[in-house]
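Each chain, written out:
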Amino acid sequence: MPVKIGNIDLGEFPLLLAPMEDVSDPPFRFVCKQNGADLMYTEFISSEGLIRDAAKSRQKLDIFEYERPIGIQIFGSNIESMREATEIASQAGPDLIDINYGCPVKNVACKGAGASLLKDIDKMVKMTKAVVEATHLPVTVKTRLGWDDNSKNVYEVAERLQDVGIKALTIHGRTRSQMYKGQADWSLIREVKRNPRVAIPIFGNGDVDSVEKAANWRLEYETDGIMIGRAAIGYPWIFREIKHFFYTGELLPGPTITERVEVCLTHLAKSIAWKGEKTGIFEMRRHYSNYFKGTPNFKEYRMKLVSLEDVTSIFEVLEEIKGNYNEAEILQ
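These numbers were taken from a predicted model, which means no experiment stands behind them. Positions within a chain are numbered from 1, following the residues in the order the chain's sequence is written. For a predicted model such as this one, the threshold for reporting local features is a pLDDT of at least 70, and the threshold for listing and counting side-chain atom pairs is 80 or more; totals across whole chains, interfaces and linings nevertheless cover every residue. Where side-chain values are given, they derive from all heavy atoms of the structure, hydrogens and water being excluded.

**Structural notes on the overall build of the protein**
Argument step 1. Each helix corresponds to a stretch of at least 4 residues labelled H or I by DSSP, and each strand to a stretch of at least 2 residues labelled E; elements are numbered beginning at the N terminus. In terms of regular secondary structure, the protein is built from 15 helices and eleven strands.
Argument step 2. Computation of the radius of gyration draws on C-alpha atoms, with the globule rule given as 2.2 Å multiplied by the number of residues to the power 0.38. Its C-alpha atoms give the protein a radius of gyration of 20 Å, near enough to 20 Å, the size a compact globule of 332 residues would have.
Argument step 3. Taken along the three principal axes of its C-alpha coordinates, the protein extends 60 × 45 × 35 Å.
Argument step 4. For the exposure calls, accessible area comes from a 1.4 Å probe over protein chains only, and a residue counts as buried if that area is under 20% of its type's maximum, exposed if over 50%, partly exposed in between. Here the protein, with 332 residues, has 55% of them falling under the buried criterion.
Argument step 5. The criterion used for residue contact is that any of the two residues' heavy atoms lie within 4.5 Å. Sequence separation of at least 24 residues holds for 69% of the intrachain contacts in the protein that already meet a minimum separation of 6.
Argument step 6. Surface summary for the protein: the accessible area is close to 14,400 Å², and the carbon and sulfur share equals 48%.
Argument step 7. Counting 43 positive and 47 negative side-chain charges, the protein places the averaged centre of each group 4 Å from the other. Only the protein chains shown count as cover for residues, and all accessible areas are computed by the Shrake-Rupley method using a 1.4 Å probe. This count recognises Lys and Arg as positive and Asp and Glu as negative, with His and chain-terminal groups excluded. To locate a charge, take atom NZ for lysine, CZ for arginine, CG for aspartate or CD for glutamate.

**Focus on the packing of aromatic side chains**
Argument step 1. By convention, a stacked pair of Phe, Tyr or Trp rings (six-membered ring in the case of Trp) has centres within 6.5 Å and planes under 30 degrees apart, an edge-to-face pair has planes over 60 apart, and any other such pair is tilted. Scanning the entire structure with this criterion turns up eleven aromatic pairs.
Argument step 2. Measuring from centroid to centroid gives 5.7 Å for F64 and Y66, while their planes differ by 5°, and the two rings are stacked.
Argument step 3. Taking the relative accessible area as the measure of exposure, F64 reaches 32% and is therefore partly exposed.
Argument step 4. On the basis of relative accessible area, Y66 is assigned to the partly exposed category, the value being 31%.
Argument step 5. We call a charge positioned over a ring when the NZ of a Lys or the CZ of an Arg lies within 6 Å of the ring centre and within 35 degrees of the ring normal. Looking at K119, its charged tip hangs above the ring of W147, at a distance of 4.2 Å from the centre.
Argument step 6. Just above the ring of F30 sits the side chain of K270; from NZ or CZ to the centre is 4.2 Å.

**Some details on the side chain of N100**
Argument step 1. In this fold, N100 is placed in strand β7 (residues 96-101).
Argument step 2. Counting of polar contacts relies on pairs of N or O atoms within 3.5 Å, with two restrictions inside protein: one atom must be capable of donating a hydrogen and the other of accepting it, and residues adjacent in sequence are counted only when both atoms are side-chain atoms. Polar contacts involving the side chain of N100 include one to the main-chain amide nitrogen of C103, which spans 2.8 Å.
Argument step 3. The residues contacting N100, other than those within four sequence positions of it, are F44, Q73, I74, F75, G114 and K142.

**Quick look at the nonpolar core**
Argument step 1. Residue types Ala, Val, Leu, Ile, Met, Phe, Trp, Tyr and Cys, when buried and joined through side-chain atoms within 4.5 Å, form a set referred to as a nonpolar core. In terms of nonpolar packing, the biggest core is built from 98 residues, with L17, F239, F292, L318 and I321 touching the most fellow members.
Argument step 2. At seven residues, helix α11 (residues 257-275) tops the list of elements feeding residues into this core.
Argument step 3. If you look at the next biggest cluster of nonpolar residues, it comprises five residues, including F44, F75, C103 and V108.

**Quick notes on the pattern of salt bridges**
Argument step 1. For this document, the term salt bridge refers to a Lys or Arg side-chain nitrogen within 4 Å of an Asp or Glu carboxyl oxygen. Evaluation of the coordinates by the stated rule reveals 24 salt bridges.
Argument step 2. K275 is the salt-bridge partner of D25, the closest N and O atoms lying 2.6 Å from each other. One end of the pair, D25, is in the loop between β3 (15-17) and α1 (26-34); the other, K275, is in helix α11, with 250 residues separating them in the sequence. Each member of the pair D25 and K275 is classed as buried.
Argument step 3. The residue D163 makes a salt bridge to R197 at a minimum N-O spacing of 3.0 Å. Here D163, found in helix α7 (residues 154-163), pairs with R197, found in the loop between α8 (187-194) and β10 (202-205); they are 34 residues apart in sequence, far enough to count as distant.
Argument step 4. Overall, the relative accessible area of 40% leaves R197 in the partly exposed class.
Argument step 5. Through salt bridges with shared partners, a single ionic network connects D25, K275 and E283.

**Notes on the packing of α11 against helix α15 (residues 311-324)**
Argument step 1. Where α11 meets α15, the closest approach of the two axes is 9 Å, and the angle between their N-to-C directions is 170°. Viewed along their axes, α11 and α15 adopt a mutual orientation that is roughly antiparallel. As for the relative orientation of α11 and α15, their crossing is right-handed in sense. Residue-level contacts link I257, T258, V261, E262, C264, L265, L268 and I272 of α11 to V311, I314, F315, L318, E319, I321 and K322 of α15.
Argument step 2. Residues belonging to the contact of α11 with α15 are distributed by class as follows: eleven nonpolar, one polar and three charged. A fitted line through C-alpha atoms represents every axis, and for helices the fit uses only the stretch in contact; the resulting angles, taken between N-to-C directions, go from 0 to 180 degrees. Here is the rule for angles: anything less than 35 degrees is roughly parallel, anything more than 145 is roughly antiparallel, 65 through 115 is roughly perpendicular, and the remaining ranges are oblique. For any pair of crossing helices, the crossing counts as left-handed if the nearer helix is rotated counterclockwise from the farther one by less than a right angle, and right-handed if it is rotated clockwise. When residue character is reported, Ala, Val, Leu, Ile, Met, Phe, Trp, Tyr, Cys and Pro are called nonpolar, Asp, Glu, Lys and Arg charged, and the others, Gly included, polar.

**With respect to the packing of helix α4 (residues 79-91) against helix α6 (residues 121-133)**
Argument step 1. Running from amino to carboxyl end, α4 crosses α6 at an angle of 25°, the nearest separation of the two axes being 8 Å. The angle between α4 and α6 places the two elements in the roughly parallel class. Every pair of crossing elements has a handedness; the one defined by α4 and α6 is right-handed. Taking contact as the criterion, the partners of I79, M82, R83 and T86 in α4 are, on α6, K123, K126, M127, A130 and V131.
Argument step 2. Residue classes in the contact of α4 with α6 are distributed as five nonpolar, one polar and three charged.

**Some words on α11**
Argument step 1. One less than the residue count of a helix, multiplied by 1.5 Å, gives the span that helix is expected to have. Between its first and last C-alpha atoms α11 spans 27 Å; for 19 residues at 1.5 Å apiece the expected length is 27 Å, and the two agree.
Argument step 2. Contact partners of the buried residues in α11: α1, α3 (55-59), α10 (237-248), α12 (277-284), α13 (288-291) and α15.
Argument step 3. Looking one or two residues beyond α11, the residue adopting positive phi is G276, at roughly 90°.

**Observations concerning the pairing of β7**
Argument step 1. With six of its six residues buried, β7 lies for the most part within the structure.
Argument step 2. Criterion used throughout: strands pair if DSSP finds at least two bridges between them. Summarising the sheet, strand β6 (residues 70-75) and β7 pair through four bridges and their orientation is parallel. When the sheet's bridge partners are listed, G71 is paired in β7 with L96.
Argument step 3. Each parallel crossover has a hand, and the one from β6 via α4 to β7 is right-handed.
Argument step 4. As paired strands, β7 and strand β8 (residues 139-144) are joined by five bridges and run parallel to one another. By the bridge assignment for β8, D98 is matched with T140. The handedness of a crossover follows from its direction of travel: if, with the strands pointing away from the viewer, the path from the first strand over the helix to the second runs clockwise, the crossover is right-handed.

Encoded structure:
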């Protein structure tokens, strides 16, 4: 049976790209979409920033036809601000609106937004209801198991948010207090999925970093799909590799050095086209080491790539990398 969010058909077992701050911009989303991501989200956007018309927040609303289906993710602590931000985000033409109730970082959670709403379910429900009523689009939510080990309340959250109209829920298998440490626990995600009261799609998130894990957890935890975050950084091929295994039962070989260079070049070109040459080159620097992870004796090339300031020189270095390594030398 296909998984649907409202009228959006995502196929039998969709793979979602997680919204990641300073990562999930349009250039990164492009290479993930090319490699099989079924649903993607923008970086999370401050509701207050949208209302104030802050340039950085407005830029995050940029979406492109090739990305569809795509959701705009918003966060905030004020219900009225979230309602207004929903109206603004809806006008940008996404396929859905997502609410972030999972971000654990201090400057979000300690200001009453993100995962902090897990400490006030009544407010979370009111905020979600306001967002649902402010848009014609499907509304989804991303959250965590709870605030800490003593307050894992996602079972209640799933029921109550479904009751006010959300169309899907993604659960990260950690509490806020865990941040990104330790292992994600998907057992409570499975309990939510098995709850006969919950009819919306439930997606699991956290620690899916291999084909084997995706395949095993699909069976063990019974989710409707998987959201992948950090494992896709510098390795967008993870989506195609998981899908290939699901369809054929066979493992694809990892990307060749030529593929790594070509996707890196595409990412860089998209980054420059969207942000301008100076910013596009600067922000691409965080990705090089990930694209070439496992490449022996790569330090010298990495140092070059993160220091060069003109696109022609960077292209030349990347082409040199392609010519100087045998495919067998690349590990992942």
